[in-house]
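Residues per chain are reported as follows:
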Amino acid sequence: MSRVDFGAKPWVFPMPVLIVGTYDENGVPNAMNAAWGMISDANEISISMSEHKTTENFAITGAFTVSMATEDTVLPCDYVGVESAKKVPDKFEKAGFHATKSSKVNAPLIDELPMALECKVKSFEDGILIGEIVNVTADESILTAGQIDYKKLKPIAYDPVTHDYVAFGETVGKAFSDGMKLK
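Residues numbered from 1 in each chain as written. Predicted model: local features only at pLDDT ≥ 70, side-chain atom pairs only at ≥ 80, totals over all residues. Heavy atoms only, no water.

Asks: So, the sheet that holds strand β6 (residues 63-68): which residues are in play, and what are the values?
Replies: If you trace the seven strands from one edge of the open sheet to the other, you get β3-β2-β6-β9-β10-β5-β4, paired in antiparallel fashion. Strand pairing shows two members of the sheet lacking a second neighbour, β3 (29-34) and β4 (37-41), which therefore form its edges. Averaged over all pairs of adjacent strands, the angle between their axes in this sheet comes to 35 degrees, without regard to strand direction. Relative to β6, strand β2 (residues 18-23) runs antiparallel, the two sharing four bridges. Looking at β6, one finds that Ile19 is bridged to Ser67. Of the strands in this sheet, β2, β3, β6, β9 (115-125) and β10 (128-138) are in contact with helix α1 (residues 53-61), which crosses β2 at around 50 degrees. (Pairing = 2+ DSSP bridges. Helix = DSSP H or I, 4+ residues; strand = E, 2+ residues; numbered from the N terminus. Axes fitted to C-alpha atoms, helices over the stretch in contact; angles between N-to-C directions. Contact = heavy atoms within 4.5 Å.)

Asks: Can you explain the environment of Glu112? Please cite residues and give values.
Replies: Mapped onto the secondary structure, Glu112 falls in the loop between β8 (108-110) and β9. Residues Glu112 and Asn43, 69 residues apart in the sequence, show an inter-C-alpha distance of 24 Å. Every residue in contact with Glu112, bar those within four places of it in the chain, is listed here: Thr73, Gly96, Phe97 and His98. A distance of 2.5 Å separates the side chain of Glu112 from the side chain of His98, its partner in a polar contact. (Polar contact = N/O pair within 3.5 Å; in protein donor to acceptor, adjacent residues only side chain to side chain.)

Asks: Any details on the environment of Ala167? Residues and values, ideally.
Replies: Here Ala167 shows up in strand β14 (residues 164-167). Residue Ala167 is classed as partly exposed on the basis of its relative accessible area of 48%. (Buried < 20%, exposed > 50% of the residue type's maximum accessible area, 1.4 Å probe, protein only.)

Asks: Hey, could you go over the layout of surface pockets for me, with residue numbers and the actual values?
Replies: If a probe the size of a water molecule is rolled over the atoms, the empty space left behind becomes visible. The volume enclosed by the largest pocket comes to roughly 520 Å³. Looking at the second largest pocket, its volume works out to about 330 Å³. Looking at the lining of the second largest pocket, the elements that each hand over two or more residues are β3, α1 and α2 (74-82). Within the lining of the second largest pocket, the residues separate by chemical class into eleven nonpolar, eight polar and five charged. (1 Å grid on protein atoms, 1.4 Å probe; cavity = no way out; pocket = protein on both sides within 12 Å on 5 of 7 lines; lining within 4 Å. Points joined across faces, edges and corners; volume = space filled by probe spheres on them. Nonpolar A, V, L, I, M, F, W, Y, C, P; charged D, E, K, R; others polar.)

Asks: Run through unusual backbone geometry, naming residues and quoting values.
Replies: Outside of glycine, negative phi angles account for most residues, and trans bonds account for most peptide bonds. Following Phe13, the chain continues into Pro14 via a peptide bond in cis, with omega recorded as -15 degrees. Mapped onto the elements, Pro14 comes out in the segment before β1 (15-16). One non-glycine residue with positive phi stands out, namely Ala145, at about 55 degrees. For Ala145, the position within the fold is in the loop between β11 (143-144) and β12 (147-148). Classification of Ala145 by relative accessible area gives exposed; the value is 81%. Backbone geometry at His163 places phi at a positive 65 degrees, although glycine is not the residue there. Relative to the assigned elements, His163 resides in the loop between β13 (156-159) and β14.

Right, dumping it as structure tokens:
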């Protein structure tokens, strides 16, 4: 194997495309695209983000939702990442999104995105948002045998090298099972 050095880069594969939903002080929904996030504990998500309208919003409400961007929603999900709600206050509406108020936290569920984590803000320090996941909600259309089916959800990932959004492929193994063959 011959290796090539690229220096320090934020390259982790796959990188989920997360859409963070919040309400502002007037109850207007907002969404932003955040690619640098992942589960950090059994009921916790951590997302790296700078100051945005979204951060102002969750400072007021103490809550947010995190939805998975999907193959069918690439255009609006990218739009909420390239447009600022400080410049375009109705960017949520311009993206074609519709909100349903979460029954668990003071944040919007995005009707067009079929899965969401409903979260309470635990902390936001040094650009790292840590949220307590209080519920996961999913539209019945993406369930198989009562469980979320990623093939029906069709989440996308962000390729930080090429700046492409990519779809997931086929199942190649079974976690907590296949490695047992080497024991």
